[in-house]
Amino acid sequence: MYNPNFILPTHLHTDMDKGDGSTKYMLEGEGVGSVFVIDSKTGNIHVTKSLDREEKDEYRLVATATDRETGRALEPSSEFIIRVQDINDNPPVFPNEPYVAMVPEMANIGTSIIQVTARDADDPTYGNSARLVYAITHGQDFFSVDPQTGILRTAVPDMDRETQDEYLVVLQAKDMGGHLGGLSGTTTVTVRLSDVNDNPPHFRRSAWSFSVSELAAPGVEVGRLTATDPDLGENAQLEFTILDTEEAEIFNVTGRNKEAVIVLNKVSGWTQLQQRCAKQLYFIAYTNFHNIRVMVLNADEPPRFSQALYHLDVSENCPPVCSVGRVYAVDPDTGQSTNIRYSIDPQSDPEALFRIASDTGFINTVMELDREQEQWHNITVIATQRGMSDLLPSGAQSSRAHQSNLSLKALPAVGNTKCVVKMIESLCKFFNISVSLLFFSFFFRQPKSCVKGCGCHRDTRPE
């Protein structure tokens, strides 16, 4: 750039000029009159305004020397070029700012992040006015920049996104090769750390404990536990797994976001767990193991019959009280039967044909049964525990009772008794046998299901 009224270091002159003022110099071309003027007597060329090389770096002009009186050209016109010499008057600029770049967290030292490029409007072919050097003025603790190429790189290996996820780096470009007196320009690069799966999940408690009743049905929720993962996106999606194969058969776990729901998969009776009153579930979520304690609570189970269905036979016309048979139930918690009491469901025996001993379970008829009137009698026997609390877990019978069904068949009586007795008397006379002994030992022998002394017959059989 040139100052006004600056005289160019060259001027026009012709050998025909005698120095007496008869020679006149004229100038034509770009910028004549507005930028350049010529002294018609001396041929000196003057600049009338500042020149900016970045706007126009050269001018083409034509000079002519003529006779001042006649106007005749003393020699052919000459064409010449005025080039504007560059000076360092333009600072570097970053045309593509702002800059935003991503780099994975925990990236190795020297990992390339982004390349920034500055532009200098000065003449790159003249001196060092456009020779740029890059440097970091803010953020040099974590990043470095190649002074020649402007490539930004990581300077440390342990940038953790979970600690700080964004950095602002100020880069400088300085001309004159970075030397004193050079002009500079700056830009800001926003460096964001992308997530990598570098954090294992953690359970929110150091210990978890749940309880479940031994009578709980499959599908019952046992408990919930939560875990966290500071990573993002897919890296933070948790999968919960029960490691122990035996426990995985008893319990199931499903994940909802960052919560695990433990569900009972199959029923385990208390008697099967007497040696193991607690279940230890070993969970894994990505790489974090955790021990979960599930207490299996003992529940007071109702009595259990030895059979779900009993089939008993009884002879018709057997006089009351006639023994039918016996049912048997035990307390599954203790294996004992001393605390069991029996009863007949009145709805199953509306005529009250049968009676049961509450402490032993023996069943007797209350009146004679007629097979021709009704051959089968179906009754329901209830076994109830004594001295137990009425509070039961969900799903248990509120009466602490268990039922069993009995099918009783009335067997036919022995035909026409009078005819049979006459036949026997005749046979006895022929064989000389006591009628009373044969009659009572054959027709009225004690049934297998009968108890001696029950009252259904005369106990006259010899021992």
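A short tour of the structure in this document, coming up. Because the structure is predicted, anything quoted here is derived from the model rather than measured.

**Some thoughts on the overall build of the protein chain**
Each helix and strand counted, the protein chain has 3 helices and 30 strands in total. By residue count, 37% of the 463 residues in the protein chain fall in the buried class. Within the protein chain, contacts between residues separated by at least 24 positions form 64% of all contacts whose residues are at least 6 apart in sequence.

**Some words on the pairing of strand β7 (residues 99–104)**
Side-chain positions along a regular strand alternate between the two faces of the sheet. Of the two faces of β7, only one is covered, namely that formed by Y99, A101 and V103; the face formed by V100, M102 and P104 stays uncovered. Examined bridge by bridge, β7 and strand β13 (residues 184–194) share 6 bridges and lie parallel to one another. For V100, the partnering residue across the bridge sits in β13 and is T190.

**Quick word on the pattern of salt bridges**
For the structure on display, the rule yields 10 salt bridges. For D195, the salt bridge goes to R161, with nearest N and O atoms at 3.0 Å. A residue pair is termed long-range when its members are at least 10 positions apart, and D195 in the loop between β13 and β14 (202–203) and R161 in the loop between β11 (151–154) and β12 (166–174) qualify at 34 residues. The class for D195 is buried, based on a relative accessible area of 18%. You can call R161 buried: its relative accessible area is 10%. Ionic pairing is found between R224 and E221, a salt bridge with its closest N-O pair at 3.0 Å.

**A closer look at the nonpolar core**
Core analysis: the largest hydrophobic core is formed by 24 residues, its most contacted members being I113, F143, L152, V169, L171, V189 and V191. Those elements that provide at least two residues to this core are β7, β8 (112–115), β9 (133–138), β10 (143–145), β12 and β13. Tallying contributions element by element places β12 first for this core, with 4 residues. Not counting chain neighbours up to four residues away, the residues in contact with F143 comprise I113, I136, L152, R153, T154, A155, M159, Y167, V169 and V191.

**Some details on the packing of aromatic side chains**
Tallied over the entire structure, the rule returns 8 aromatic pairs. Measuring from ring centre to ring centre gives 6.5 Å for F94 and Y134, while their planes differ by 50 degrees; the resulting arrangement is tilted. On the criterion of sequence distance, the pair formed by F94 in the loop between β6 (78–83) and β7 and Y134 in strand β9 is long-range, its members being 40 residues apart. Considered together, F94 and Y134 belong to a single accessibility category, that of buried residues. With 5.6 Å between their ring centres and 75 degrees between their planes, F143 and Y167 make a pair best called edge-to-face.

**A short note on the sheet that holds β7**
Spatial strand order, β7-β13-β12-β9: 4 strands in an open sheet with mixed pairing. Either end of the sheet is taken by a strand with one partner, and the two such strands are β7 and β9. In this sheet, neighbouring strand axes are inclined to one another by 35 degrees on average, regardless of whether the strands run parallel or antiparallel. For β12 and β13, the ladder comprises 9 bridges, and the chain directions are antiparallel. Within β13, the residue paired with Q172 across the bridge is T186.

**Some words on the side chain of N339**
Along the polypeptide, N339 turns up in the loop between β25 (329–330) and β26 (340–344). Owing to a relative accessible area of 16%, N339 belongs among the buried residues under this scheme. Looking at N339, its side chain comes within polar contact range of the side chain of D331, at 3.4 Å. Residues in contact with N339, not counting those within four places in the same chain, are D331, T384, Q385 and R386.

**Some words on the sheet that holds strand β5 (residues 58–67)**
As summarised here, the arrangement of the 3 strands in space is β2-β5-β6, forming an open sheet in which the pairing is antiparallel. This sheet does not close on itself; its edge strands, each paired only once, are β2 (23–29) and β6. Strand after strand, the sheet turns through a mean of 30 degrees between neighbouring axes, direction not considered. In terms of strand pairing, β2 meets β5 through 7 bridges, oriented antiparallel. Looking at the pairing, Y25 lines up with A65 of β5.

Calculation criteria
- Residues numbered from 1 in each chain as written.
- Predicted model: local features only at pLDDT ≥ 70, side-chain atom pairs only at ≥ 80, totals over all residues.
- Heavy atoms only, no water.
- Helix = DSSP H or I, 4+ residues; strand = E, 2+ residues; numbered from the N terminus.
- Buried < 20%, exposed > 50% of the residue type's maximum accessible area, 1.4 Å probe, protein only.
- Contact = heavy atoms within 4.5 Å.
- Pairing = 2+ DSSP bridges.
- Salt bridge = Lys/Arg side-chain N within 4 Å of Asp/Glu carboxyl O.
- Core = buried A, V, L, I, M, F, W, Y, C linked by side-chain atoms within 4.5 Å.
- Phe/Tyr/Trp six-rings, centres within 6.5 Å; stacked < 30°, edge-to-face > 60°.
- Axes fitted to C-alpha atoms, helices over the stretch in contact; angles between N-to-C directions.
- Polar contact = N/O pair within 3.5 Å; in protein donor to acceptor, adjacent residues only side chain to side chain.

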